[in-house]
Amino acid sequence: MKNQIRQAMLCCALLLAGIHFARAQQPSHGETQVVFRFVSGNDMFYIPWNDNGARLDSLCERLDPAKLETGSVRVDGYGPDKKIVKIRCNRVKSALILRRGLTEDHFTTTNHIGSFNGLSNVVVVTCPVLEQRETDTSTTDREAERYSERQQTVTEKTQEPTQETTTTSDGRQTIIREITKEAQVQTGETPKPVTSRWYAGLNVGIPFFWGDMLSTAADKTRVGFAVGVQGGYHISDLLAVSLSVDYARGKLGARDYAEDYLLAPDGMTWYVPQEQAMQRYGDLYSKVLLVNVGLSLDMNINRIFGKQAAGHRFTVWVSPTVYGQFLSTDIYTKADNKRYSDGTTKPDGLSLGLGGALSLRYRVNRSIDLQLKNSVLWMTDNHFDGIRTPFGKTKHNALWMPQVGILWNIK
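This text gives an overview of the structure that appears in the document. (Residues numbered from 1 in each chain as written. Predicted model: local features only at pLDDT ≥ 70, side-chain atom pairs only at ≥ 80, totals over all residues. Heavy atoms only, no water.)

1. A look at the pairing of strand β7 (residues 198-205)
The line we're drawing: Think of it in three bands: with a 1.4 Å probe and only protein chains considered, a residue is buried below 20% of the maximum accessible area for its type, exposed above 50%, and partly exposed in between. Secondary structure counts use DSSP, requiring at least four H or I residues in a row for a helix and at least two E residues in a row for a strand, with both numbered from the N terminus. In this scheme, strands are said to pair when DSSP sees at least two bridges between them.
Burial along β7 is one-sided: Tyr 199, Gly 201, Asn 203 and Gly 205 are buried, while Trp 198, Ala 200, Leu 202 and Val 204, pointing the other way, are not. As paired elements, β7 and strand β9 (residues 225-234) share eight bridges and run antiparallel to each other. The partner of Asn 203 across the bridge, within β9, is Gly 228. Inspection of the sheet shows β7 paired to strand β18 (residues 398-410) by eight bridges, in the antiparallel sense. Directly across from Val 204, in β18, lies its bridge partner Val 404.

As structure tokens, this is what we get:
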């Protein structure tokens, strides 16, 4: 008799437990239920992933903390590890607390070892419907059915497994690791897509000129100023094309061995005194104004090391470039800063330059990159510094222009 009573009591307990579990699985009348997905073996709540963000926004719109009773929001976690399930539930609750202003008293939390309607690695939030839109019941049912079908399709696609196998000595294949597509997305095994094609930027820097006179002169280094804009288009994660326009100005002085060279007002250099008026190189300086237009092919060096490296926050770019240059130059005396040249030696209206840039970029976020850009180019205009020599042309005119800048990625 006692055994029969015990068996009856055990059956009742199991029945009550089953009823409680069934209630946790299904919402009652007047309640809504939202399922949030998690990556297998991971406790992070990836809000933009697997439609979690849209569901969270929809749930927050329906919740009103002032109208919720204590413990009326049920949070049920499901998975193979109870410790991870507990952390997942806390992350979901934290999101609701931060976004909608709920408190811990609003929640009733349960952690389950197992699955919910065949889905593992989920957290289910069940709460009263406080804001219900006026819609036709049949329309709502059809929309819910279509939504369920879409989610099932997404689930099947994202959980399609790939397998790594090994062959044992007896010729049998054994699965050593199974990877789902959803795990690949979160662990970075799938490369990041190009988030934007067009970009625009602003740069500031310092130009350094080398010619018959140069910026790093014997008496001192004369620091100039440069400002420019650039824009480009990403062809792929490896290649881009860009156009840059820079305005630069700087002062140039004599080299240490050329301070006693003599310069005539027409820009001719002499090494012994002549009958015409002359001034020592050491008593003069050259003032250069430059508009530099460059057309570049930009290459992401990180891409050589793989697609993951191409999406790194730090990237290195090499940009071979053809330049068109517009120059304006005059020679001045140091003593009184008066113009010394007579204007007969002028740079060409348009000259060419060949070179390129090496840039280090740092991605702050999806919209903004910071860059350190170093441009070096050979200048074909021998008169760019306002000086000409009687023994052929100096072929080693150059410009180095280090710049810092900011780039905006345009979606």
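2. Focus: the packing of helix α2 (residues 52-62) against helix α3 (residues 82-100)
For the record, the criterion: Inter-axis angles, ranging from 0 to 180 degrees, are taken between N-to-C directions of lines fitted to C-alpha atoms, where helices are fitted over the stretch in contact. Note on angle classes: values under 35 degrees are labelled roughly parallel, values over 145 roughly antiparallel, values of 65 to 115 roughly perpendicular, and the remainder oblique. For any helix crossing, the convention is left-handed if the near helix is rotated counterclockwise from the far helix by under a right angle, and right-handed if that rotation is clockwise. Here, two residues are considered to be in contact whenever any of their heavy atoms come within 4.5 Å of each other. Under the convention adopted here, Pro, Cys and the residues Ala, Val, Leu, Ile, Met, Phe, Trp and Tyr are nonpolar, Asp, Glu, Lys and Arg are charged, and Gly plus all remaining residues are polar.
Relative orientation of the contacting elements α2 and α3 amounts to 55 degrees, with a least axis distance of 11 Å. Taken together, α2 and α3 sit at an angle that is classed as oblique. As α2 runs across α3, the sense of the crossing is right-handed. Where α2 abuts α3, its residues Leu 56, Asp 57, Leu 59 and Cys 60 lie against Ala 95, Leu 96, Arg 99 and Arg 100. Residues belonging to the contact of α2 with α3 are distributed by class as follows: five nonpolar, no polar and three charged.

3. Comments concerning the environment of Arg 388
Position of Arg 388 relative to the elements: it lies in the loop between β17 (368-379) and β18. A residue is classified by how much of its surface remains accessible, and Arg 388, at 27% relative accessible area, is partly exposed. Each C-alpha atom of the pair Arg 388 and Asp 212 lies 8.2 Å from the other, and the pair is 176 residues apart in sequence. Not counting residues within four places of it along the chain, the set of residues in contact with Arg 388 comprises Asp 266, Gly 267, Met 268, Thr 269, Thr 345 and His 383.

4. Section: α2
Turn by turn, an α-helix covers 3.6 residues, leaving residues three or four places apart pointing in a common direction. Rules: Directions are taken from the helix axis to each C-beta atom, and the arc is the one they span.
Turning to α2, its buried residues are Asn 52, Gly 53, Arg 55, Leu 56, Leu 59 and Cys 60. In a view along the axis of α2, the buried residues occupy a sector of 160 degrees, so they form one face of it.

5. Some details on the environment of Tyr 46
We count it as follows: Polar contact is the term for a pair of N or O atoms within 3.5 Å; when the atoms are in protein, one must be able to donate a hydrogen and the other to accept it, and sequence-neighboring residues count only if both atoms are side-chain atoms.
On the secondary structure map, Tyr 46 appears in the loop between β1 (31-37) and α2. Accessibility expressed as a relative area gives 23% for Tyr 46, which makes it partly exposed. Placed 45 residues apart in sequence, Tyr 46 and Arg 91 show a C-alpha to C-alpha distance of 9.9 Å. There is a polar contact of 3.2 Å between the side chain of Tyr 46 and the side chain of Asn 42.

6. Points about the sheet that holds strand β11 (residues 262-263)
Where strands meet in a sheet, backbone hydrogen bonds hold them as pairs that are either parallel or antiparallel. One open sheet holds the three strands; their spatial order is β12-β11-β13, and the pairing between them is antiparallel. The sheet is open, and its two borders are formed by β12 (269-270) and β13 (279-280), each paired with just one other strand. Where β11 and β13 come together, two bridges link them in antiparallel fashion. Across the sheet, residue Leu 262 finds its bridge partner in β13, namely Arg 280.

7. Brief notes about the side chain of Thr 269
Positionally, Thr 269 belongs in strand β12. Accessibility expressed as a relative area gives 1% for Thr 269, which makes it buried. A polar contact of 2.7 Å, which involves the side chain of Thr 269, links it to the side chain of Tyr 281.

8. Overview of the nonpolar core
Rule in force here: Within this scheme, the nonpolar core is defined by two criteria: the residues are buried Ala, Val, Leu, Ile, Met, Phe, Trp, Tyr or Cys, and they are joined through side-chain atoms within 4.5 Å.
Phe 36, Leu 59, Val 73, Leu 96 and Val 125 are the most contacted members of the largest nonpolar core, which totals 21 residues. Going through the elements one at a time, β1, α2, β2 (73-79), α3 and β4 (122-128) are the ones with two or more residues in this core. Residue contributions to this core peak at five residues, all from α3. Discounting chain neighbours no more than four positions away, the residues touching Val 73 are Leu 68, Leu 102, His 106, Phe 107, Thr 108, Val 125, Thr 126 and Cys 127. In this structure, Ala 254, Leu 284, Leu 327 and Ile 331 belong to the second largest nonpolar core, which totals 19 residues.

9. Quick look at the packing of aromatic side chains
For clarity, the threshold we go by: The aromatic pairing rule takes the rings of Phe, Tyr and Trp, using the six-membered ring of Trp, and pairs them if the centres are within 6.5 Å, calling planes under 30 degrees apart stacked, those over 60 edge-to-face and the rest tilted. Both a distance and an angle decide whether a charge sits over a ring: NZ of Lys or CZ of Arg must be within 6 Å of the ring centre and within 35 degrees of the ring normal.
Taken as a whole and judged by the stated rule, the model has 11 aromatic pairs. Seen in terms of ring centroids, Tyr 78 and Phe 116 are 5.4 Å apart; in terms of plane orientation they differ by 40 degrees. Their pairing is tilted. Remark: Phe 116 occurs in the loop between β3 (107-113) and β4 and Tyr 78 occurs in strand β2; sequence separation between them is 38 residues. No difference in accessibility class separates Tyr 78 from Phe 116, as the two residues are buried. A centroid spacing of 5.6 Å and a plane angle of 70 degrees characterise the contact between Tyr 261 and Tyr 281, whose relative ring orientation is edge-to-face. On the criterion of sequence distance, the pair formed by Tyr 261 in the loop between β10 (239-252) and β11 and Tyr 281 in the loop between β13 and β14 (284-300) is long-range, its members being 20 residues apart. Exposure remark for Tyr 281: the relative accessible area of 2% places this residue in the buried category. Clustering of aromatic rings is evident, with ring pairs tying together Tyr 257, Tyr 261, Tyr 271 and Tyr 281. The ring of Tyr 199 is capped by Arg 361, whose NZ or CZ atom sits 5.4 Å from the centre of that ring. In this arrangement the basic side chain of Arg 361 is found over the ring face of Trp 317, its NZ or CZ atom lying 4.6 Å from the centre.

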